[in-house]
Amino acid sequence: MMGDRPSPPRAMSSAPTTSPSVDKVDGFSRKSVRKAKQKRSQSSSQFRSQGKPIELTPLPLLKDVPSPEQPELFLKKLQQCCTVFDFMDTLSDLKMKEYKRSTLNELVDYVTVSRGYLTEQAYPEVVKMVSHNIFRTLPPSDSNEFDPEEDEPTLEASWPHLQLVYEFFIRFLESQEFQPSIAKKYIDQKFVLQLLELFDSEDPRERDYLKTVLHRIYGKFLGLRAFIRKQINNIFLRFVYETEHFKGVAELLEILGSIINGFALPLKAEHKQFLVKVLIPLHTVRSLSLFHAQLAYCIVQFLEKDPTLTEPVIRGLLKFWPKTCSQKEVMFLGELEEILDVIEPTQFVKIQEPLFKQISRCVSSPHFQVAERALYYWNNEYIMSLIEENSSVILPIMFASLYRISKEHWNPAIVALVYNVLKAFMEMNSTLFDELTATYKSDRQREKKKEKEREDLWKKLEDLELKRGLRSDGIIPT
Amino acid sequence: MAGADGDDSLYPIAVLIDELRNEDVQLRLNSIKKLSTIALALGVERTRTELLPFLTDTIYDEDEVLLALAEQLGNFTMLVGGPEYVHCLLPPLESLATVEETVVRDKAVESLRKISQEHSPVDLEVHFEPLVKRLASGDWFTSRTSACGLFSVCYPRVSSTVKAEIRQHFRTLCSDDTPMVRRAAASKLGEFAKVLELDYVKTDIIPLFTALASDEQDSVRLLAVEACVSIATLLPQEDLETLVMPTLRQAAEDKSWRVRYMVADKFSELQKAVGPEITKNDLVPAFQNLLKDCEAEVRAAAANKVKEFCENLPEDNREQIIMTHILPCVKELVSDTNQHVKSALASVIMGLSTILGKDNTIEHLLPLFLTQLKDECPEVRLNIISNLDCVNEVIGIRQLSQSLLPAIVELAEDAKWRVRLAIIEYMPLLAGQLGVEFFDEKLNTLCMAWLIDHVYAIREAATSNLTKLVEKFGAEWAQNTIVPKVLGMANDPNYLHRMTTLFCINALSEACGQDITTKQMLPVVLKMSNDQVANVRFNVAKSLQKIGPVLDSNALQTEVKPVLEKLASDSDMDVKYFAQEAISVLALA
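Residues numbered from 1 in each chain as written. Chains lettered and ligands numbered in written order. Predicted model: local features only at pLDDT ≥ 70, side-chain atom pairs only at ≥ 80, totals over all residues. Heavy atoms only, no water.

Trainee: How should I be thinking about the overall build of chain A in this particular structure?
Mentor: Each helix and strand in chain A was counted, giving 20 helices and two strands. Out of the 478 residues belonging to chain A, those deemed buried represent 52%. A fraction of 78% describes how many contacts in chain A between residues 6 or more apart in sequence connect residues 24 or more apart. If you sum the accessible surface of chain A, you get close to 23400 Å²; carbon and sulfur atoms cover 52% of it. (Helix = DSSP H or I, 4+ residues; strand = E, 2+ residues; numbered from the N terminus. Buried < 20%, exposed > 50% of the residue type's maximum accessible area, 1.4 Å probe, protein only. Contact = heavy atoms within 4.5 Å. Areas by Shrake-Rupley, 256 points an atom, 1.4 Å probe, with all protein chains shown as cover.)

Now the structure itself:
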């Protein structure tokens, strides 16, 4: 009936496409207590305004008319397909729905195979037909918190038509006859803006098609590239700082992954700003797990392009390090390892102190998955070599936590891992290791003393404030 | 004097600043929260010359710390030496107003708004207004967003040249490239309009309003709806039609449901702002459309406004408008497919009866109430029941009682305990309106059944419900209908039910009075002191403490005291504890 779905854009094939699987430790699966939800479907507001039945006059098949007449008939069919149907009403206009479906199918085949169909007049009609069908106000979303492991996405009711329209549009954009110089009159900024808004669709199938469409447009319309990037920026900033709701973040990041790949060197200031002011803050969002793999891919792409960005990136991650969500902490540690895999030793030296202070905190996390994920760094040969080169700096930072956990952690697996790490450190730099072991107690005592001094300081200050307060009230004469 | 100075020098700024730089975020946060202490210790001059520059220079920190700082600085005027020096606070707040994190920025703007009032008109022009300008022309969107909130606070107190500049800046931000900035500007449009001279409202604000209301992003357009209320209030009636109404009509039919939702949500305010004439001609049909909107969200928002809208209609033909235009839509909503719409309607529909009067209520509204009372969704039924008082005033509740009963019984047995809880809370109200006879006959059994519900919250609510009923119907009624049943539960094999007896006694003793408490309740409580479950025994001690004040001293000495003494030597430590507590509270030692 129709061709396969488009394969992901080639440049993106190395980008992770599946959503990250986050291990859940929750022993009480919520699935068992929750009733299986029925698949919901929804439709946009626009379809329901028409009450009357729709009549379309059937046209002959394109292949049944002589080729000179085909372009004219093609236009007529495009115009017919501008009619949209109400799919929430499953009984209305059945015949006409089927007629439109078969016409769309015919159009898909026609743009794939035919040669010489793309007259200049066809461009505005194609864009009009696509716009009429896909551009619509998305309906309200039922689920505020979408959990990919629990919730079924709401599916678009008009998908039987919508899918074919997308399919047709992609074939059109990919057609050998397609000329961006003509199309750019119709596929303009306004078109792109509306297209980007559709990425908020709850239907994953639609977002998948949109990804391909946008990628094609980005590839073919050089004049729209900066605009597309800027609008994606705005979507992300709104997502991070205003709403925290946008369904298509993963898809947009996936496209960006391939865009970043193609950036010329040296990187423009605009791109660096995008990294630091948009991509890094994206880590703060609650639903990070839904797009973390794609985000981490983008970050690593940037660092591979320009290693001098390593320091601001790692500092950014440390600034936004999760304070309460262990699941996110595990994701951060994963991303950090990806970054460390490609880090240059000169960059590593610049960032090692704050970095290992954080790692030391993770290692002593009471949540064993966090501690375990951090301790796995010591299984990474490249990271090990970096640690070894800089053991005189890293060992003193890590030592106290490791020593304490080796005595105190509740989880025996963690304790075992920590012993290995301590052993590795001992072999690396035995003199320093012995020194730290010897001074461990006195160091702790010094810390406690400092703590006490701090408390005293504040106490004295408060007394002073009290005295001044009294004095200014005139109770104690100055 | 010298000694005090010596004290001060003990805490040089270096130490304090060291604290503000501490590696541990929590400690930095603590220090920032005590910033006023530090400033006080330093004195106003050193706060101005050393502390503030330091804070301004080192603003790069965790957002949590920055938030605390932004808040502190709003209250710093006295600490820098009063209004004369308040402008010293501007540099750090300016930096904070440009950071990424929204909460920090908002707090910085809030503090800036606060201290703007403490500036003299001269300082406002010399120091504050230039800051607003800098923010308004900042590179990154955050500073421009913050600027939007500052125009209205300085506008009224500056010269007309500066005013013109401010208006120009606001205009620019309303057409900013970044939607975030346009949203910020749109959200402050109403506030800014309020401080402008009327002529400028017409020449400046209206074009901006029209432009924002047709922005390509619906998130901007919907904010213009909010501004519409303020703007319409400011304009004279004769200008509304040409300046505001075209935009408002367009918003009510916007293709985005979010914008239509906003119109529905602000409908009462809009109605008041545009006045009765426009309401009749324009808003009535607009409201009808919103009640029939294709998105349930919009219908629910509009349904919520039905009563208010009708109430505020011009009185001369209110009834006619409601009967011919609104009621037909309301009738349809009663059988809406979406439960939120129905329940929004149910929460206000009863209010229509006071507006429409007895005859219309009986003829037109009553059937709707009855349909909603039978709705499949418990929330709809609950909302109807919770508003019964409105109908009671107009037609009396009897008309409804036949349908009410099955609805109440069903809710009382609903599988969701929150629904059961909600209906219990309306029991005293219902009892008052339905009368003691009806209550005894139909509802009493329900009230008693709740006492042995398997959810504690329900048993607890049932207990306090009994108290309220006794307050309504009196002690005699209690003695005849409730007390025997409550006391009967003291012999229940389930210890939770036995404890419910005690909880009921705690709640009822005061309302029932000394006689009933001493003669009927006390013997049961005392007998339960031999219960084999410790929880029951220590609740006996608690109950005795509770009902002690109602008893006479004779009963306390001869009956209560020995039992409490026995419990005070119980083998269970909790029983002992509560017995001893009761003894000391009742002064029986």
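So much for the structure itself; the text now carries on.
Trainee: Sorry, what's going on with the state of the cysteines here?
Mentor: Simply put, disulfide is the name for a covalent bond between the sulfur atoms of two cysteines. The tally for this structure, following the rule as stated, stands at zero disulfides over all chains. Cys-447 of chain B forms no disulfide, and the closest cysteine sulfur to it belongs to Cys-504 of chain B, at a distance of 11 Å. (Disulfide = S-S within 2.5 Å.)

Trainee: Quick question: what am I supposed to make of the pattern of salt bridges here?
Mentor: Residue and element names in this part refer to chain B. For the structure shown, the criterion picks out 55 salt bridges over all chains. For Arg-182, the salt bridge identified is with Glu-216, shortest N-O distance 4.0 Å. With a gap of 34 residues between them, Arg-182 in helix α12 (residues 179-195) and Glu-216 in the loop between α13 (198-213) and α14 (218-234) connect regions that are remote in the sequence. Residue Arg-182 is classed as buried on the basis of its relative accessible area, which comes to 7%. (Salt bridge = Lys/Arg side-chain N within 4 Å of Asp/Glu carboxyl O.)

Trainee: Explain unusual backbone geometry to me, please; I cannot follow it from the model alone.
Mentor: Glycine aside, residues mostly have negative phi, and peptide bonds are mostly found in the trans state. Cis geometry marks the peptide bond from Leu-265 of chain A to Pro-266 of chain A, where omega comes out at -5°. Assignment of secondary structure puts Pro-266 of chain A in the loop between α10 (249-261) and α11 (269-279).

Trainee: Just to check I follow, could you spell out the environment of Gln-347 of chain A for this structure?
Mentor: Residues and elements named next belong to chain A. Note that Gln-347 resides in helix α15 (residues 345-363). Separated by 154 residues in sequence, Gln-347 and Leu-193 have C-alpha atoms that sit 39 Å apart. Residue contacts for Gln-347: discarding those within four places in its chain leaves Pro-307, Thr-308, Thr-310 and Glu-311.

Trainee: Just to check I follow, could you spell out the confidence of the model for chain A for this structure?
Mentor: Fine structural detail should not be taken from predicted coordinates in areas where pLDDT scores are low. Residue and element names in this part refer to chain A. Of all residues in chain A, 84% have pLDDT values of 70 or greater, and the mean over the chain is 83. Below a pLDDT of 50 lies the segment residues 1-39, which in the model reaches 61 contacts outside its immediate sequence neighbourhood of four places, other chains included. Contacts of residues 473-478 to residues separated by more than four positions or lying in other chains number five contacts, the stretch itself having pLDDT below 50. (pLDDT = per-residue confidence, 0-100.)

Trainee: In this structure, what is going on with empty space enclosed by the protein? I would like to understand it.
Mentor: Leftover empty space is mapped by rolling, across the atoms, a probe with the size of a water molecule. All names here are of chain A. Under the defined criterion, the tally for this structure stands at four cavities of 30 Å³ or more. The wall of the largest cavity is formed by Arg-229, Asn-233, Leu-256, Phe-263, Glu-270, His-271 and Phe-274. Contributing elements (two or more residues each) for the lining of the largest cavity: α9 (225-243) and α11. If one sorts the elements of the lining of the largest cavity by residue count, α11 sits on top with three residues. When grouped by side-chain class, the residues that make up the lining of the largest cavity number three nonpolar, two polar and two charged. (1 Å grid on protein atoms, 1.4 Å probe; cavity = no way out; pocket = protein on both sides within 12 Å on 5 of 7 lines; lining within 4 Å. Points joined across faces, edges and corners; volume = space filled by probe spheres on them. Nonpolar A, V, L, I, M, F, W, Y, C, P; charged D, E, K, R; others polar.)

Trainee: Is there a simple way to think about the packing of aromatic side chains in this case?
Mentor: When we look at a pair of aromatic rings, we describe it by the centre distance and by the angle of the planes. Counted by the stated rule, this structure contains 36 aromatic pairs over all chains. Aromatic side chains Tyr-123 of chain A and Phe-172 of chain A sit 5.7 Å apart centroid to centroid with 65° between the ring planes, which places their arrangement in the edge-to-face category. Of the two residues, Tyr-123 of chain A is situated in helix α4 (residues 122-134) and Phe-172 of chain A in helix α5 (residues 159-174); the sequence distance between them amounts to 49 residues. Of the two residues examined, Tyr-123 of chain A and Phe-172 of chain A, each falls in the buried class. Seen from their ring centres, Phe-151 of chain B and Phe-170 of chain B are 5.6 Å apart, and the 90° between their planes marks the pair as edge-to-face. Remark: Phe-170 of chain B occurs in helix α11 (residues 160-174) and Phe-151 of chain B occurs in helix α10 (residues 151-154); sequence separation between them is 19 residues. Residue Phe-151 of chain B is classed as buried on the basis of its relative accessible area of 1%. Here the aromatic cluster, defined as three or more aromatic residues joined through ring pairs, consists of Tyr-123, Phe-135, Phe-169, Phe-172, Phe-178, Phe-191 and Phe-221 of chain A. Here the guanidinium or amino end of Lys-97 of chain A rests over the ring plane of Phe-87 of chain A, the centre of that ring lying 4.8 Å away. Directly above the ring of Tyr-200 of chain B sits Arg-167 of chain B, whose terminal nitrogen or CZ lies 3.4 Å from the centroid. (Phe/Tyr/Trp six-rings, centres within 6.5 Å; stacked < 30°, edge-to-face > 60°. Lys NZ or Arg CZ within 6 Å of the ring centre and 35° of its normal.)

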